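Architecture at a glance
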Amino acid sequence: MNILEIRTLRGPNYWSGYWKKLIIMRLDIGDYEQKPTNKITGFYGRMKEVMPSLQKHGCSYQEEGGFLKRVKDGTWAGHVIEHFALELQTFAGMDVGFGRTRETDELGIYNVVFAYFEEEVGRYAARAAVRLFLELAEEKSVEEIKQTLAEEVQEMREIREQVRFGPSTGSIVEEAESRDIPYIRLNDQSLVQLGYGVHQQRIQATTTAKTNMISVDIAGNKDATKKLLGEMGIPVPKGYKVREEEEIEGVVKSLGFPLVIKPLDGNHGKGATVGIENLEEVITAFRKAKDYSKFIIIEKMLVGADFRALVVNNQLVAIAERTPAHVVGDGKHTIQQLIDKTNTDSRRGYGHENVLTQIDVEGQTERILRAKRYTLETILPKDEILYLKTTANISTGGTAIDRTDEAHPENIFMFERIAKIIGLDIAGVDIIAPNISEPLRENGGGIIEVNAAPGFRMHLAPSEGIGRNVAEYVLNMLFPPGKPSRIPIFAVTGTNGKTTTTRLIAHILKGSGYTVGFTTTDGTYIQNNQIVSGDNTGPVSAQLVLKDPSVQVAVLETARGGIIRSGLGYDHCDVAVVTNVASDHLGMKDINTLEDLARVKAVVPRSVSPKGFAVLNAEDENVYRMRKLVDGTVVLFSMDEDNENISRNARSSGISCVYENGFITLLKGKWKVRVEKAIDVPLTYGGRAEFMIQNVLAATLACFVHGISLEDIRVGLTTFTPSTAQTPGRMNFVEMGDFTVLMDFAHNPAGIIGLRNFINKLSYEKRTAVLSGVGDRRDEDLHEVGRLCAETFDKIIIRRGDYLRGRNEEEVFKLLQEGIKESGKKPDVEIIHESGDAIFNAFDNAVKGELVVILADTVSKDIEYVNQYRDKLNSIELSKITADQKMNSHNMK
């Protein structure tokens, strides 16, 4: 058995209409293709013993025990491994429910698909599930398997804690999702973008884009905080800032016991010690705090309970009473046994997986035990409370009780005033007081700290009392009612015309006053500035645009490869355009038929929001069928106004865009709105380039349904020229003196046919093609490209392509030549391996009135070769003119 590939899908995809986060494991099950589970001796029994919880898996029976029945009756390894991967994640605290296993066209090779919550855990689960199957199949002892399983589950838990959002960040992201506010994780920690483009807001844990950094500095300096609050009439404990150990004794004499020691600029309780009762403990705590700060705060310890008040946008939203991790003696059990018993509480888990965290024994606990002359083997007296930590953090095993509803109005006013004094948009105010139901000025309580980026966990899921959705208030602050979080997204897919359509839509939108970010096979652009070059049609490039804070509208070319590899880079779009589905890239990644390819492309219109529009090609049945998957409104385009699908759409008062009587025309039910004559649209070359007219129809319709005015659309159509600047490598004509060069990206049979139909309308005495073979095509596709070129051109120069993708160049050359031969035509054929040499050879041998068509491979390189040659011709022409001028001057003398 061999794992061939593990891919991670992170957005809308072709495997599931609901689950965006999926692992795709391509698995060769080897000899197990001939050994279903009912033919593996003892497999069923060992599996039940190791994972009895699989009883809950309904599988295709959709009832408990369904999967076990499948295993008992006999099913294949890939299917079993899918269920193992799901259950392993459940063991690790991540209950995911979607899985699917499908055979491929290759015997014994399966795609095992299952959902995940955390990507790294999902990938680990895939590998662990394969190991588990093999151990069960190869009759390893059950006890050994259980031991390995326990270790792997713990490893997954640890990975989860390393990579997942913490409770605070996670709560904000979940609240954003509930409001349909998209998010992008900007690093592997807690830096997150909420919203897209110009409407985005950023958070880092509970620090937001609105958090004042001066206020953060004040809160981080505990001495400055206490001084500022004290001067503003807020009760604070007496204390001093100390740097050297020699200063301690005098400070202690001034304050008396009990004391609190903490770093000047610490947070989350790090380095803090409370309840210090003697000088020896002071020195130990001082040295511990020194690990976190040069200056140390020594202050009088207030008497009472530990409270945390959370203030968001100057409004008190929650109060929790915090208690450090502790055990209560029963006079029978040791301290270690009491800790173990406490950790059996179902509410406690590893890290942040449950409401409470398991109590662990580390240096702080050991110091507390030594100070009390206890060990872990000490039997704790009955009813004695032993605090195991010096701080009350939930993450170290502490507990929290919600006290929000008990707060006295005077205290609420004080806590909100403190947040204003420090200047924090989100503030955690730490209080020591007997209670918060009485004014602090009356019960002797005080403020001991103000925290920037306070944790939310104690409020979200207290161990007692009501959980408070404090993230709601953060989202209310960042996105108040009426403030948008999204920018319009246009997504363009299809086999041909994607890039031109994308660029034309972007051009029209820019002319309408928007700042546009768009992605193409040539690069990523913000307005007219190229930010990144290369094929940028995948999810990473899409997110680059969506992360740019200046972008008001995104236009995203969305290609097959990115969808298969990672899914979409956005959750849904406002306008989806599907130009066509034609034979291209078939035979790759188990996409073998046009129907398979259509299923991949359909991910884009399926992602249209309910208020959005899917712009579909009415003439392409594979595209037209996609209308059934669209939640939004379907609109159609066609070169034929009498197309039955267009007529049906008109009868139901739908919107379409057609080419009729030489016009680009919108149909609104039975009414026609003529937008522009095709001959006045430069992209159509006087109406002769039909495939370009199709692109114009799609772009016109997409902009119209989005609300762009007809005047802005007309201006955009008539000012968009097919040049190397606006449409590089797409129908670019360059005059070279006696001959003409046409550069186009046609690289599949459908593209070649469209180009041929256009060229046949032009009058050139000779036609030459510079052709490159692309490796990621089926043999029959390369044959067809060769055949079509032979029927179109008098001479063909074959060059090596930049995208061989595993194929040998000689193999590609042979397939193209076979296609040329099959045509029955006899064009001159020459092989020149280097692209530049092939292009220059065609130019050097071009005759007057010849058309040299460069079927662009790497567009930017080919444009550079053409410009080099044109500059050379211009230089020669300039030299001739200069020489003639000198000769004329000499003759005049």
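Below: a short report on this structure. Predicted, not measured: the structure shown is a model, and the values here were computed from it.

Details of the sheet that holds strand 7 (residues 201-204)
Either a parallel or an antiparallel arrangement is found when strands of a sheet pair, and the pairing is made through backbone hydrogen bonds. In space, the four strands of this open sheet follow the order 5-6-7-8, with antiparallel pairing throughout. Each edge of the open sheet is held by one strand with a lone partner, namely strand 5 (183-185) and strand 8 (207-208). Contacts from helix 6 (residues 167-178) reach strand 5, strand 6 (191-194) and strand 7 within the one sheet, and its direction differs from that of strand 6 by about 15 degrees.

Concerning the environment of R367
The residue R367 is located in helix 12 (residues 363-371) in this model. Here R367 falls in the partly exposed class, since its relative accessible area comes to 30%. As a C-alpha pair, R367 and R565 span 198 residues in sequence and 52 Å in three-dimensional space. Beyond its immediate stretch of four places on either side in the chain, R367 contacts T284 and K288.

Re helix 27 (residues 779-792)
In this model helix 27 runs 20 Å from its N-terminal to its C-terminal C-alpha over 14 residues, within 8% of the 20 Å that 1.5 Å per residue would give. Regarding helix 27, the residues found buried are D781, L782, H783, V785, G786, L788, C789, A790 and T792. Here the buried face of helix 27 lies against helix 26 (749-759), strand 35 (766-772), strand 36 (795-799), helix 28 (809-822) and strand 38 (850-855).

Overview of the sheet that holds strand 34 (residues 739-744)
The six strands lie next to each other as 33-34-38-35-36-37, forming an open sheet whose pairing is mixed. Of all the strands in the sheet, just strand 33 (732-736) and strand 37 (828-831) have a single pairing partner and so form its edges. On average, each strand axis in the sheet is inclined to that of its neighbour by 20 degrees, with strand direction left out of account. Pairing between strand 33 and strand 34: five bridges, direction antiparallel. Following the sheet pairing, F733 is matched in strand 34 by L742. Taken strand by strand, helix 28 contacts strand 35, strand 36 and strand 37, and its axis lies near 165 degrees from that of strand 36. Its contacts with the sheet place helix 29 (residues 835-844) against strand 33, strand 34, strand 35, strand 36, strand 37 and strand 38, and it is angled at close to 165 degrees to strand 36.

Looking at the pairing of strand 7
Burial along strand 7 is one-sided: Q201 and I203 are buried, and none of R202 and Q204, which face the opposite way, are. With four bridges connecting them, strand 6 and strand 7 associate as antiparallel partners. Bridged to L194 within strand 7 is Q201. The turn linking strand 6 back onto strand 7 is made up of six residues, and G195 within it adopts a positive phi angle of 85 degrees. Here strand 7 runs beside strand 8; their pairing, made up of two bridges, is antiparallel. What sits directly across from I203, in strand 8, is T208. Counted between consecutive antiparallel strands, the loop separating strand 7 from strand 8 contains two residues, among which A205 sits at a positive phi close to 55 degrees.

What to know about the packing of helix 6 against helix 16 (residues 471-478)
Axis separation between helix 6 and helix 16 bottoms out at 9 Å; the angle between their running directions is 65 degrees. Considering how the two elements wind past one another, helix 6 and helix 16 form a crossing that is right-handed. Across the interface between the two elements, S171, I172, E175 and A176 of helix 6 pack against A471, E472, V474 and L475 of helix 16. Residues that form the contact of helix 6 with helix 16 fall into these classes: five nonpolar, one polar and two charged.

A few points about the packing of aromatic side chains
Taken as a whole, this structure holds 13 aromatic pairs when the rule is applied. Judged by centre distance (5.0 Å) and plane angle (65 degrees), the rings of Y685 and F733 are edge-to-face. With Y685 in the loop between strand 32 (671-677) and helix 24 (690-705) and F733 in strand 33, this pair connects stretches of sequence that are 48 residues apart. By relative accessible area, Y685 is classed as buried at 15%. With a relative accessible area of 24%, F733 lands in the partly exposed category. Where F739 meets F843, the ring centres are 5.6 Å apart and the plane angle is 35 degrees; that geometry is what we call tilted. Here F739, found in strand 34, pairs with F843, found in helix 29; they are 104 residues apart in sequence, far enough to count as distant. The pair F739 / F843 is uniform in exposure class, with both members buried. One aromatic cluster is present, built from ring pairs that chain together F739, F840, F843, Y865 and Y869.

Side note on the nonpolar core
Core analysis: the largest hydrophobic core is formed by 95 residues, its most contacted members being F43, M47, F84, F133 and Y570. Of all the elements, helix 4 (residues 119-137) adds the most residues to this core, at twelve residues. Excluding residues within four positions of it along the chain, F43 makes contact with T37, V71, V80, F84, F133, L136 and A137. Counting residues in hydrophobic clusters, the runner-up holds 70 residues, among them F691, V696, F720 and V785.

Overview of the environment of D522
By secondary structure assignment, the location of D522 is in the loop between strand 23 (516-519) and strand 24 (523-526). Between the C-alpha atom of D522 and that of S860, which follows or precedes it by 338 residues, the distance is 7.7 Å. Leaving out residues up to four positions away in the same chain, D522 has contacts with T499, R503, Q530, V532, S533, G534, P728, R730 and V859.

Looking at the pattern of salt bridges
With the rule as written, the count across this model stands at 44 salt bridges. The closest approach of N and O atoms between R486 and D180, which form a salt bridge, is 3.0 Å. In this pair, R486 sits in the loop between helix 16 and strand 22 (489-493) while D180 sits in the loop between helix 6 and strand 5, placing the two residues 306 residues apart along the sequence. For D180, a relative accessible area of 40% puts it in the partly exposed group. Taking the shortest distance from any N to any O, the salt bridge between D571 and R486 comes out at 2.6 Å. Of this pair, D571 sits in the loop between helix 19 (560-566) and strand 27 (573-578) while R486 sits in the loop between helix 16 and strand 22; the two residues are 85 residues apart in sequence, bridging distant segments of the chain. A relative accessible area of 22% means that D571 is categorised as partly exposed.

A few points about unusual backbone geometry
Cis rather than trans, the peptide bond between F257 and P258 has omega equal to -5 degrees. With respect to the helices, strands and loops of the structure, P258 is situated in the loop between helix 9 (248-255) and strand 10 (259-263). Positioned with a positive phi, D180 is a non-glycine residue whose angle comes to about 65 degrees. Notably, N313 is not glycine yet its phi reads approximately 55 degrees, a positive angle. By the element assignment, N313 lies in the loop between strand 13 (305-312) and strand 14 (315-323). We classify N313 as partly exposed; its relative accessible area is 46%.

Calculation rules
- Residues numbered from 1 in each chain as written.
- Predicted model: local features only at pLDDT ≥ 70, side-chain atom pairs only at ≥ 80, totals over all residues.
- Heavy atoms only, no water.
- Pairing = 2+ DSSP bridges.
- Helix = DSSP H or I, 4+ residues; strand = E, 2+ residues; numbered from the N terminus.
- Contact = heavy atoms within 4.5 Å.
- Axes fitted to C-alpha atoms, helices over the stretch in contact; angles between N-to-C directions.
- Buried < 20%, exposed > 50% of the residue type's maximum accessible area, 1.4 Å probe, protein only.
- Expected span 1.5 Å × (residues − 1).
- Left-handed = near helix turned anticlockwise from the far one by under 90°.
- Nonpolar A, V, L, I, M, F, W, Y, C, P; charged D, E, K, R; others polar.
- Phe/Tyr/Trp six-rings, centres within 6.5 Å; stacked < 30°, edge-to-face > 60°.
- Core = buried A, V, L, I, M, F, W, Y, C linked by side-chain atoms within 4.5 Å.
- Salt bridge = Lys/Arg side-chain N within 4 Å of Asp/Glu carboxyl O.

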